[in-house]
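Results of the structural survey
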Protein chains: 2
Amino acid sequence: MNDEPGHRLAADAGERLARVALTRIAEPGDELVGRWLRTHGAREVLRALRGNGARLPGAGERRWDGLRSRTDRARPEADMAAAEAAGVRFLVPGDREWPGQLDALGSSRPIGLWVRGAPYLRFWALRSVAVVGARACTDYGVHVAAVLGAGLAERGWTVISGAAYGVDGAAHRGALAAGGATVGVLACGVDVAYPPGHAELIRRIGEQGLLVAELPPQDHPTRSRFVLRNRVIAALTRGTVVVEAALRSGSLSTARHARRLGRFVMGVPGPVTSGLSAGVHELLREEGSVVTDAAEVIELVGNMGELAPRRHGPAVPRDVLPGEAACVLDALPSRGAVESAQLAQAAGVTADAALVRLQELCALGFVERLGNRWQLAREAKPHPGHPIE
Amino acid sequence: MNDEPGHRLAADAGERLARVALTRIAEPGDELVGRWLRTHGAREVLRALRGNGARLPGAGERRWDGLRSRTDRARPEADMAAAEAAGVRFLVPGDREWPGQLDALGSSRPIGLWVRGAPYLRFWALRSVAVVGARACTDYGVHVAAVLGAGLAERGWTVISGAAYGVDGAAHRGALAAGGATVGVLACGVDVAYPPGHAELIRRIGEQGLLVAELPPQDHPTRSRFVLRNRVIAALTRGTVVVEAALRSGSLSTARHARRLGRFVMGVPGPVTSGLSAGVHELLREEGSVVTDAAEVIELVGNMGELAPRRHGPAVPRDVLPGEAACVLDALPSRGAVESAQLAQAAGVTADAALVRLQELCALGFVERLGNRWQLAREAKPHPGHPIE
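Residues numbered from 1 in each chain as written. Chains lettered and ligands numbered in written order. Predicted model: local features only at pLDDT ≥ 70, side-chain atom pairs only at ≥ 80, totals over all residues.

Remarks on the sheet that holds strand 4 (residues 158-161) of chain A
All names here are of chain A. Pairing is mixed across the open sheet formed by nine strands, whose spatial order is 1-2-6-5-4-3-7-8-9. At either margin of the open sheet sits one strand with a lone partner, and together these are strand 1 (88-91) and strand 9 (289-290). In the sheet, strand 4 pairs with strand 5 (residues 182-186) via three bridges, with the strands oriented parallel. What sits directly across from Val159, in strand 5, is Thr182. Of the strands in this sheet, strand 3 (128-132), strand 7 (239-242) and strand 8 (264-267) are in contact with helix 12 (residues 252-260), which crosses strand 7 at around 150 degrees. (Pairing = 2+ DSSP bridges. Helix = DSSP H or I, 4+ residues; strand = E, 2+ residues; numbered from the N terminus. Contact = placed C-beta atoms within 7 Å. Axes fitted to C-alpha atoms, helices over the stretch in contact; angles between N-to-C directions.)

Brief notes about helix 2 (residues 13-25) of chain A
Taking 1.5 Å per residue as the helical rise, helix 2 of chain A with its 13 residues ought to reach 18 Å, and the 19 Å between its terminal C-alpha atoms agrees with that figure. For helix 2 of chain A, the full list of buried residues reads Glu15, Arg16, Ala18, Arg19, Val20, Ala21, Leu22, Thr23, Arg24 and Ile25 of chain A. (Expected span 1.5 Å × (residues − 1). Buried ≥ 20, exposed ≤ 12 C-beta atoms within 10 Å, placed from the backbone.)

A word on the domain arrangement of chain A
Taken domain by domain, chain A consists of domain 1 (5-114), domain 2 (117-301) and domain 3 (313-380). The gap between the C-alpha centroids of domain 1 of chain A and domain 3 of chain A is 36 Å. (Domains from an automatic or database assignment.)

Things to note about the relation of the copies chain A and chain B
For the match of chain A to chain B, the screw axis carries a shift of 0.0 Å, the RMSD comes to 0.1 Å, and the turn is 180 degrees. The symmetry that links the two subunits is that of a two-fold axis. Considering only C-alpha atoms, the residue of chain A closest to the rotation axis is Gly270 of chain A, which sits at 2.3 Å. In this assembly, 100% of the residues forming the interface of chain A have copies in chain B that are likewise at the interface, indicating an isologous arrangement. (Least-squares fit on C-alpha atoms with pLDDT ≥ 70 in both.)

Brief notes about the interface of chain A and chain B
Facing 15 residues of chain A, the contacting portion of chain B comprises 15 residues. Where the side of chain A that touches chain B is concerned, the elements lending two or more residues are helix 8 (139-154) and helix 13 (275-286) of chain A. Considered class by class, the residues forming the side of chain A that touches chain B number eight nonpolar, five polar and two charged. (Nonpolar A, V, L, I, M, F, W, Y, C, P; charged D, E, K, R; others polar.)

Quick look at the packing of helix 11 (residues 223-236) of chain A against helix 12 of chain A
Residue and element names in this part refer to chain A. Between helix 11 and helix 12, whose axes approach to 8 Å, the crossing angle comes to 50 degrees. In terms of their interaxial angle, helix 11 and helix 12 are classed as oblique. For the pair helix 11 and helix 12, the crossing hand works out as right-handed. Residues Val227, Asn230, Arg231, Ile233 and Ala234 of helix 11 touch helix 12, and the partners they reach there are Ser253, Thr254, His257 and Ala258. Taken together, the residues of the contact of helix 11 with helix 12 sort by class into four nonpolar, four polar and one charged. (Parallel < 35°, antiparallel > 145°, perpendicular 65-115°, else oblique. Left-handed = near helix turned anticlockwise from the far one by under 90°.)

Observations concerning the sheet that holds strand 9 (residues 289-290) of chain B
All names here are of chain B. In spatial order, the strands read 1-2-6-5-4-3-7-8-9; together these nine strands make up an open sheet with mixed pairing. Of all the strands in the sheet, the pair left with one neighbour each is strand 1 (88-91) and strand 9. Bridge count between strand 8 (residues 264-267) and strand 9: two bridges; the pairing is parallel. Counted as the bridge partner of Gly267 is Val290 from strand 9. Its contacts with the sheet put helix 14 (residues 294-301) on strand 3 (128-132), strand 7 (239-242), strand 8 and strand 9, and the angle it makes with strand 8 is roughly 160 degrees.

A few points about the packing of helix 2 of chain A against helix 4 (residues 42-50) of chain A
All names here are of chain A. The N-to-C vectors of helix 2 and helix 4 enclose an angle of 50 degrees; their axes lie 8 Å apart at closest approach. Taken together, the axes of helix 2 and helix 4 are oblique relative to one another. Where helix 2 crosses over helix 4, the two elements pack in a sense that is left-handed. Along the contact surface, helix 2 presents Gly14, Glu15, Ala18, Arg19, Ala21, Leu22 and Ile25, while helix 4 presents Ala42, Arg43, Val45, Leu46 and Leu49. Here the contact of helix 2 with helix 4 is built from residues that sort into eight nonpolar, one polar and three charged.

Brief notes about unusual backbone geometry
All names here are of chain A. The omega torsion across Tyr194 and Pro195 is 0 degrees, close enough to zero to call that bond cis. Of note, Pro195 is situated in the loop between strand 5 and helix 10 (199-208). With a phi close to 65 degrees, Ala163 is a non-glycine residue in the positive phi region. Position of Ala163 relative to the elements: it lies in the loop between strand 4 and helix 9 (167-177). We classify Ala163 as buried; it has 24 C-beta atoms within 10 Å. Although it is not a glycine, Arg248 sits at a positive phi angle of roughly 60 degrees. Tracing the backbone shows Arg248 in the loop between strand 7 and helix 12. On the basis of neighbour counts, which here come to 9 C-beta atoms within 10 Å, the residue Arg248 falls in the exposed class.

Have a look at this one:
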């Protein structure tokens, strides 16, 4: 994708600002806008929409006017200033923190991502799994999602979900309770607490993990935005686990996206007498894999060398690590495991920062987690007699 | 297999009697004896065991002496007389009622089968499914097995199981309650009520369905006989459904046999929090298919043209039908469905006999069941303007 204007100009402030504006104008996943971005770049698309010239190719009059009518909403400088003040950053394709696996979405790739939280999204998403399911789930679904979220997090995997009631929330809570990595992908602005009953949970995800949205701050969710959000969850992760879902449930759309993108599709079975497992069983009969715990999920997705060739050593070279992560890595003893608090002292960073960086390093294959302790991963260790490269 | 002495001599009274004797001498599934039978025929094997000549090839001294020590137990004429008096028949390979799919067992094919019950085993086994599982199952397992047994029976499929406590019993009861076809394959003589608490159930299976055993009358089950019995259940059926099973449960051995024999392996999922579903989930993760009801089972096994090419019309020619079955078939109206009692009157047979024959005809693809009514199958109907062939 290096030949597209949107990529070359990623570091260009004008192009970035135009993408900020376009997140207010276009709905998520608009493939026509996606194609324009690839062909003309964001600035050119914005200029055309704001001007009185010819329509860009492929847009009928009504479609064009619809987009044009929303250009007034876009105040990109103000949006960026407000976002920065609120600790929200904006990522575009080509940024170092941009998760490259989103490129699999083709023309429906997000225009940009609004992100809140300290961790480095690209690294956290490298070893991640989506855990999704019914909002109106049963106690069984809550229990399974929470145990699965905790189990994945304990093993150094990032739990990505939609922060909705039911299964989503339980999965996030499980990961948070295990002191692990979790990302909430919202169908609204990262500063909007939706659903309202999850305001506190969403706040905690933003503090301990990451909140991600295609929609700009202040924007609210709609029915279609929920479905379109699901494609981002599917694309970010190596696989999607559906915990409970009724037949024809909306929560199956993430699994369908995952399948289309060539990601792993997994389902947690339940009683065949439960309508809330019927959708999962249908999925499993079609082509998903049965999983009953975190170890089975990891057994499946952990071998997908494509996104993180863990078996062949760390996924990125050591010298691209952000400064703090490099400090934490340097502070790890060459033998044995230590607790994150110990390591924070040795590295001269806060305990919270140490944990965030350790999880990144884990996702990248540099370190391994053993319960509450961390150690250098075998592949990342120096050969005997040789210093770490 | 037509070139083997055991087959050619099937109708030979001496060969048959020798096989009767050998069911008292050899344990079920003894592959060495199976190979001797294929090479020498049953009479020759029996004569060698009873005589003082050389050992048959492949048997060590201890093995040979072990078999010889049991020849005194065999009183084939008395066994046959007692069996006939008790309404028990003995089938050997090559008999018309012998289910040919047992040949897939190779050298471990049963020496013969002791059968109790009016229906024709070969026809009933043509469209059959094994429903098996844990003895100490949960209420969920009982419920699922009973509904599955009833659902399969209602759709004209024969439910085959082991008459054990738990899942097996529930599957048989479901089929019986639906007025359908069920076969109990026992690990003891067909006149032994084991387990004792299922004496009444086993009596009912023998009256309404079929009891089948490799072991001769009066013989009792042992631990190894249960496991060996499972291979017969797997071989008789087009597929095996495991309803509940703990990890490493013995009830998974039927599924393993089914897999080895190229039959369908299916499992009913349950809560991942239940140890009694763990074995099923493991099976499903290895290679079994998720099924949640009878329709899904039939969708899977019903397309296996090999055993009963139903889509190409009935599985056997009309003129091999036993007399009573032919009468019942003739009595069916060329259009519309009738109840079995009505049909019994028209055919001049008892209501019980009509039901048994209708189920055979259903297994053979001549008739279809619609709830409590029966009609000619589409494929078996004459072309317009042509009489039934």
